[in-house]
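Observations on the three-dimensional arrangement
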Amino acid sequence: MDNRQAIGSWLSGPRAAAEDMGADFGYRGQRLGLPEQGPGAIAPLGRRFGALFIDWALCMLIAYSLLAKGSQQAAGNWALLVFLVLSVLTVGTVGCTPGKRILRIRVLAEDGGRLGIGRVLARSVLLCLAIPALVWDRDGRGLHDRLAKAVQVRI
């Protein structure tokens, strides 16, 4: 192996290096029995981040206008609580937050059913902690989804 290949595998990450050595990881969601593309497939990370951005902006707007009394610092703190309530209520009832709905994403249990309120609450609390959402498995699910046995799929 020449130096260019070593640098390329380092830049590409451990998954690309393992695939170059012959490991077959399959597509995201294959282990869960989900399709590779289209409705029911794992939602792409870009859409999920976009939905999070929309939801956070909505929560900031609600917190700033209704709860923070004009204080930007207080609005950020209130927005986290609004986000938690929004996430529990919307994912627990209709399976998606407003941002997820706009970007055509739904949160389901691994078996394809609806998440129970306990798992929705656990998922939402972990999401508010942010760190679990930044740790992903090979299917692209955050630790908050994995622990709640949830998956975010395209609608």
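Higher on the page you've got the structure.
Right, let's walk through the structure included here. (Residues numbered from 1 in each chain as written. Predicted model: local features only at pLDDT ≥ 70, side-chain atom pairs only at ≥ 80, totals over all residues. Heavy atoms only, no water.)

A separate point is the packing of helix α4 (residues 72-93) against helix α6 (residues 117-129). The geometry of α4 relative to α6 is characterised by a closest axis approach of 9 Å and an angle of 150° between their N-to-C directions. Taken together, the axes of α4 and α6 are roughly antiparallel relative to one another. The handedness of the crossing between α4 and α6 comes out as right-handed. Contact residues: L80, F83, L84, S87, V88, V91 and G92 in α4; I117, V120, L121, R123, S124, V125, L127 and C128 in α6. Along the lines of polarity and charge, the residues of the contact of α4 with α6 split into 11 nonpolar, 3 polar and 1 charged. (Axes fitted to C-alpha atoms, helices over the stretch in contact; angles between N-to-C directions. Helix = DSSP H or I, 4+ residues; strand = E, 2+ residues; numbered from the N terminus. Parallel < 35°, antiparallel > 145°, perpendicular 65-115°, else oblique. Left-handed = near helix turned anticlockwise from the far one by under 90°. Contact = heavy atoms within 4.5 Å. Nonpolar A, V, L, I, M, F, W, Y, C, P; charged D, E, K, R; others polar.)

Mapped onto the elements of the fold, R48 is located in helix α3 (residues 45-67). Within the buried core, R48 has no salt-bridge partner, and the shortest N-O distance to an opposite charge, that of D145, equals 4.8 Å. When residues no more than four places from it in sequence are discounted, the contact partners of R48 are I42, A43, I105, G140, R141, G142 and Q152. (Buried < 20%, exposed > 50% of the residue type's maximum accessible area, 1.4 Å probe, protein only. Lys, Arg positive; Asp, Glu negative; His and termini not counted. Salt bridge = Lys/Arg side-chain N within 4 Å of Asp/Glu carboxyl O.)

Attention now moves to α4. End to end, α4 covers 31 Å across 22 residues, agreeing with the expected 32 Å (1.5 Å per residue, within 8%). Taken residue by residue, α4 has A75, A79, V82, F83, L86, S87, V88, T90 and V91 as its buried positions. Those residues of α4 that are buried are in contact with α3, α5 (98-102), β1 (105-109) and α6. Note on α4: the residue one or two positions beyond its end, G95, has a positive phi of about 85°. (Expected span 1.5 Å × (residues − 1).)

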